[in-house]
Amino acid sequence: MTQAAVTPSPGAAQPADPAGPDRPASPLARLRDPAWYQEYGVYVAVAALLLFNALFTDHFMTADNFRTQLVQVAPIVIVALGMALVIGTEGVDLSVGSTMALAAAFLPLYLGYGLVPALVVALLAGAVVGAVNGALVSLIGLQPIVATLALFVGGRGLALVVADGQLKQIVNPDLLSLGTGSFLGVPLVVWIAGLLALAVAFLVRRTTFGRQIVAVGGNRSAAALAGLPVKRVLIGVYVLCGVFAALAGILATARLTASDPSSLGTLMELSAITAVVVGGTPLSGGSVRVLGTVAGALLMQLLRATLVKHDLPDSTAQIAQAAIIVAAVYVARERRSR
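Reading the values: the criteria
- Residues numbered from 1 in each chain as written.
- Predicted model: local features only at pLDDT ≥ 70, side-chain atom pairs only at ≥ 80, totals over all residues.
- Heavy atoms only, no water.
- Helix = DSSP H or I, 4+ residues; strand = E, 2+ residues; numbered from the N terminus.
- Buried < 20%, exposed > 50% of the residue type's maximum accessible area, 1.4 Å probe, protein only.
- Polar contact = N/O pair within 3.5 Å; in protein donor to acceptor, adjacent residues only side chain to side chain.
- Core = buried A, V, L, I, M, F, W, Y, C linked by side-chain atoms within 4.5 Å.
- Contact = heavy atoms within 4.5 Å.
- Axes fitted to C-alpha atoms, helices over the stretch in contact; angles between N-to-C directions.
- Parallel < 35°, antiparallel > 145°, perpendicular 65-115°, else oblique.
- Left-handed = near helix turned anticlockwise from the far one by under 90°.
- Nonpolar A, V, L, I, M, F, W, Y, C, P; charged D, E, K, R; others polar.
- Arc of directions from axis to C-beta.
- pLDDT = per-residue confidence, 0-100.
- Patch = residues over 30% accessible without salt bridge, like charges linked within 9 Å, V, L, I, M, F, W, Y side chains within 5 Å.
- Areas by Shrake-Rupley, 256 points an atom, 1.4 Å probe, with all protein chains shown as cover.
- Salt bridge = Lys/Arg side-chain N within 4 Å of Asp/Glu carboxyl O.

**Notes on unusual backbone geometry**
Move 1: Within the chain, Leu184 stands out as a residue other than glycine whose phi angle is a positive 55°.
Move 2: Of note, Leu184 is situated in the loop between strand S2 (182-183) and strand S3 (186-187).
Move 3: Backbone geometry at Thr257 places phi at a positive 60°, although glycine is not the residue there.
Move 4: Of note, Thr257 is situated in the loop between helix H11 (230-256) and strand S4 (258-259).

Now the structure itself:
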């Protein structure tokens, strides 16, 4: 007796696709998926840039050069970590450069009382700027770009008033050691940036406040209806961003051995936003990519250094950075539309 072929009925359950309906079925399909580029693109770009320099750039892959690159990128990483928290709530902070200048302006005024009081005052200045930004956004309801633009202009003006419009040399050896000292052969500024990155990663992934940041950024109205302290979260992230910017201003002042409010932190807000966006954190909020932010800052620094090593003008670096920003935003938009 022959067995009849069994034809599944139309309503019968079919075997589940092991790849899943939303997962690319092959490596080639993954490369066509915008989510893959947003998740891993920045790491691939950093690796490709390092490989290019290893093959075609003389004296790039040396310990001294890497030390220089890490010291230069450390303040950007610190500011970008605070910016990532703000962008995670669907906000933005344009005042970070002015906050750096304000912190630097306060330092020389209080160094006579000792290093610790001077650092506390400078960090408090950053916290106050952040609290004002957070209040304007959460309590008054201003758009983040408008609220922080006010202190982008006014903060630097206040810094110039505090410093009496003058550049002031720093001679305090304890403060200078923050910019030039090292521990186990690694510059202190790099240690500080690395430890802050770990702390922010822990904050985002392991604490209630970190989950609230993501929830508020994902859907602020739903977060409020769920009973989350939306206003407190918004003020908190702007305060953290202000403190991080003030810390970056302190370290930059220590490294430059001078407090120069007129130029310190200029365009830092753009560098920080670029690092965050290129690192995969969407401008629409609801996510904070800490490691991606660090990699994004490192990518921009390596790109600038590579072009300089090949005798290309700084304008070329700016055009290349603009292209990378557009590509990152486009990838994020394509991912949301799917």
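Back to the write-up after that little detour.
**Overview of the side chain of Thr207**
Move 1: Considering the arrangement of structural elements, one finds Thr207 in the loop between helix H8 (188-206) and helix H9 (208-218).
Move 2: The exposure class of Thr207 is buried, given its relative accessible area of 19%.
Move 3: Side-chain polar atoms of Thr207 contact the backbone nitrogen of Gly210, separated by 3.1 Å.

**Observations regarding the nonpolar core**
Move 1: Within the largest apolar cluster, 82 residues are counted, with the highest numbers of intra-cluster contacts made by Leu81, Met83, Leu85 and Leu175.
Move 2: When sequence neighbours within four positions are dropped, the list of residues in contact with Met83 reads Val92, Asp93, Val96, Cys241, Glu269, Ala272, Ile273 and Val276.
Move 3: Counting 9 residues, the second largest nonpolar core, distinct from the first, contains Ala101, Ala125, Ala159 and Val162.

**Notes on helix H12 (residues 268-278)**
Move 1: Across the 11 residues of H12, 9 count as buried, placing the element largely inside the fold.
Move 2: Those residues of H12 lying buried are Met268, Glu269, Ala272, Ile273, Thr274, Ala275, Val276, Val277 and Val278.
Move 3: Where H12 ends, the next residue or the one after it, Gly280, has phi of about 105°, a positive value.

**Some thoughts on the packing of helix H4 (residues 96-110) against helix H5 (residues 115-138)**
Move 1: Relative orientation of the contacting elements H4 and H5 amounts to 150°, with a least axis distance of 8 Å. Relative to H5, the element H4 lies roughly antiparallel. Handedness of the crossing formed by H4 with H5: right-handed. Seen from H4, the contacting residues are Thr99, Leu102, Ala103, Phe106, Leu107 and Tyr110; seen from H5, they are Ala118, Leu119, Val121, Ala122, Ala125, Gly126 and Val129.
Move 2: Class assignment of the residues belonging to the contact of H4 with H5 gives a composition of 11 nonpolar, 2 polar and no charged.

**Some details on helix H7 (residues 173-180)**
Move 1: Within H7 the residues assigned to the buried category are Leu175, Leu176, Leu178 and Gly179. End-on, the buried residues of H7 take up no more than an arc of 145°, which puts them together on one face. Exposed and facing more than 90 degrees away from the buried side of H7 are Pro173 and Thr180.
Move 2: Each element contacted by the buried residues of H7 is listed here: H4, H5, H8 and H11.
Move 3: Near the N-terminus of H7, the side chain that reaches the backbone nitrogen of Asp174, with its oxygen 3.0 Å away, is that of Asn172.

**Considering the environment of Val86**
Move 1: In this structure, Val86 sits in helix H3 (residues 63-88).
Move 2: Beyond its immediate sequence surroundings of up to four residues, Val86 is in contact with Gly91, Val92, Asp93, Val237, Tyr238 and Cys241.

**So, the confidence of the model for the chain**
Move 1: This prediction gives the chain a mean pLDDT of 86; 87% of its residues lie at or above 70.
Move 2: Within the chain, no element has a lower average pLDDT than helix H1 (residues 27-31), which sits at 56, and none a higher one than H5, at 96.
Move 3: For residues 1-21, every residue scores under 50 in pLDDT, and the model assigns this stretch 4 contacts once sequence neighbours within four places are set aside.

**Comments concerning a nonpolar patch on the surface**
Move 1: On the surface, a cluster of nonpolar side chains totalling about 470 Å² of accessible area is made up of Leu139, Ile140, Leu142, Ile145 and Val146.
Move 2: Looking at the secondary structure, you find Ile145 in helix H6 (residues 144-162).
Move 3: Owing to a relative accessible area of 48%, Ile145 belongs among the partly exposed residues under this scheme.

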